[in-house]
Amino acid sequence: MTTQAETHTQIAAEVAGLKVNALQDGSGPNIVVLHHSTGSPGWIPFYDHLAENHTVTVMDMPGYGQSERPAWARHPRDIAIMLHSAIHKMGIDTDAHLLGLGFGGWVAAELASMHLHGLDSLILVGAAGVQPEEGEIADVIFYEFEEYVKLGFSSDEAYAEVFGDEAAPELKELWDFSREMTARLTWKPWMFNRQLPHLLSEVETPTLLLWGENDRVTPLGVAEVYDASLPNSTLQVLDGLGHLVELESPQAAADAVSAFIAGL
């Protein structure tokens, strides 16, 4: 998988004595992106599509990538509080849409629950954070890199189109570093917060729930719980795609996000 991080602006803010880093490009209304539990791989085609009409800011969440690690953090809500401050300090909290991918979707939902009126929209893409009525969210701790990321695609062939025969060593290093932080934040219970559905009932922010039809990481049952919990949500399922819709079909994922924002 190729990325183009060097061509985009790097910005940073200090929160609780730690640096929070981000990549930024584009112009227009703000879209703030929170990455998966595997960390941010850099600037990907999905962001290029979004940046055609928006200012896209891709955060390295605290403890991931180039953002410094809060050794004291023990819950995604801790990360959400830090990001609330970082987004404000970066000046990207007005005319803003918050987009969370996977684990980043959980953090985004936590942030939305405490910042009820400051977002134009919330976009959760294959988000963790709530417990499905049937099945479970895949446990990253029990997988090696290739098998977990392959689980995020609709097929091994779709994985190979993005990552080739073998993923780059730096992506595997990012995975190991990110997995340790994820374990600190999400271990008990794994990848969901029993309190979150109750808090989401007060979130009036227009919300898009964007899911792959064949998501094997956060099953559609998770989306259904979010949809039942949020009073102003829309569930859209992308046919034939897996968990990593932004990698497997970046144009389709970006089109869905852009159409949702345009329709507000």
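As a starting point, this report considers the structure included with it. (Residues numbered from 1 in each chain as written. Predicted model: local features only at pLDDT ≥ 70, side-chain atom pairs only at ≥ 80, totals over all residues. Heavy atoms only, no water.)

Examining the overall build of the protein chain
No. 1: Secondary structure summary: the protein chain contains 10 helices and eight strands in total.
No. 2: Relative to a compact globule of 264 residues, whose C-alpha radius of gyration would be 18 Å, the protein chain shows 16 Å and is just as compact.
No. 3: Along the first, second and third principal axes, the C-alpha atoms of the protein chain reach 45 × 40 × 40 Å.
No. 4: A buried classification covers 56% of the 264 residues belonging to the protein chain.
No. 5: Within the protein chain, counting contacts between residues at least 6 apart in sequence, those at least 24 apart form 77% of the total.
No. 6: Carbon and sulfur atoms make up 47% of the accessible area of the protein chain, which amounts to about 10,900 Å² in all.
No. 7: The positive charge centre, built from 12 side chains, and the negative charge centre, built from 38, are 12 Å apart in the protein chain. (Helix = DSSP H or I, 4+ residues; strand = E, 2+ residues; numbered from the N terminus. Rg over C-alpha atoms; globule rule 2.2 N^0.38 Å. Buried < 20%, exposed > 50% of the residue type's maximum accessible area, 1.4 Å probe, protein only. Contact = heavy atoms within 4.5 Å. Areas by Shrake-Rupley, 256 points an atom, 1.4 Å probe, with all protein chains shown as cover. Lys, Arg positive; Asp, Glu negative; His and termini not counted. Charge placed at Lys NZ, Arg CZ, Asp CG, Glu CD.)

Overview of a negative patch on the surface
No. 1: The grouping of Asp25, Asp48, Glu52 and Asp255 at the surface amounts to a negative patch.
No. 2: Looking at the element boundaries, Asp25 is found in strand β2 (residues 18-26).
No. 3: Judged by its relative accessible area of 31%, Asp25 is partly exposed. (Patch = residues over 30% accessible without salt bridge, like charges linked within 9 Å, V, L, I, M, F, W, Y side chains within 5 Å. Salt bridge = Lys/Arg side-chain N within 4 Å of Asp/Glu carboxyl O.)

Describing the pattern of salt bridges
No. 1: Tallied over the full model, the rule gives six salt bridges.
No. 2: The salt bridge involving Glu166 is made with Lys172; its shortest N-O contact spans 3.0 Å.
No. 3: Judged by its relative accessible area of 55%, Glu166 is exposed.
No. 4: Taking the shortest distance from any N to any O, the salt bridge between Arg179 and Asp176 comes out at 3.5 Å. Residue Arg179 and its partner Asp176 are located together in helix α6 (residues 169-186), separated by three residues, close to a single helical turn.
No. 5: Judged by relative accessible area, Arg179 falls into the buried class, the value being 18%.

Some points on helix α3 (residues 103-114)
One turn of the α-helix equals 3.6 residues, which is why residues spaced by three or four share an orientation.
No. 1: For α3, spanning 12 residues, the distance from its first C-alpha to its last is 18 Å, which sits close to the expected 16 Å at 1.5 Å a residue.
No. 2: The element α3 is largely enclosed, with a buried count of 11 among its 12 residues.
No. 3: Along α3, the residues that are buried comprise Phe103, Gly104, Gly105, Trp106, Val107, Ala108, Ala109, Glu110, Leu111, Ala112 and Ser113. (Expected span 1.5 Å × (residues − 1).)

As for the pairing of strand β6 (residues 121-125)
No. 1: By the criterion of burial, β6 is predominantly enclosed, with five of the five residues buried.
No. 2: Taking every second residue as pointing to the same face, both faces of β6 are buried, with Ser121, Ile123 and Val125 on one and Leu122 and Leu124 on the other.
No. 3: Here strand β5 (residues 96-101) pairs with β6 via five bridges, running parallel. Residue Gly100 lies in a different strand from β6, and its bridge partner there is Leu124.
No. 4: A crossover links β5 with its parallel partner β6, the connecting element being α3, and its sense is right-handed. (Pairing = 2+ DSSP bridges. Right-handed = clockwise from strand over helix to strand, strands pointing away.)

Examining the sheet that holds β5
No. 1: Strand order in the open sheet formed by eight strands is β1-β2-β4-β3-β5-β6-β7-β8, with mixed pairing between adjacent strands. A single partner strand is all that each edge strand has here, and the edge strands are β1 (9-15) and β8 (233-238). On average, adjacent strands in this sheet sit at an angle of 20° to one another, irrespective of strand direction.
No. 2: Pairing analysis gives seven bridges linking β1 to β2, with the strands arranged antiparallel. Within the sheet, the bridge partner assigned to Gln10 lies in β2 and is Leu23.
No. 3: Most of the contacts of α3 go to β5, to which it runs at about 140°, and overall it touches β3 (30-34), β5 and β6.
No. 4: Against the sheet, helix α8 (residues 220-229) makes contact with β6, β7 (207-212) and β8, and its axis sits at roughly 170° relative to β7, the strand it touches most. (Axes fitted to C-alpha atoms, helices over the stretch in contact; angles between N-to-C directions.)

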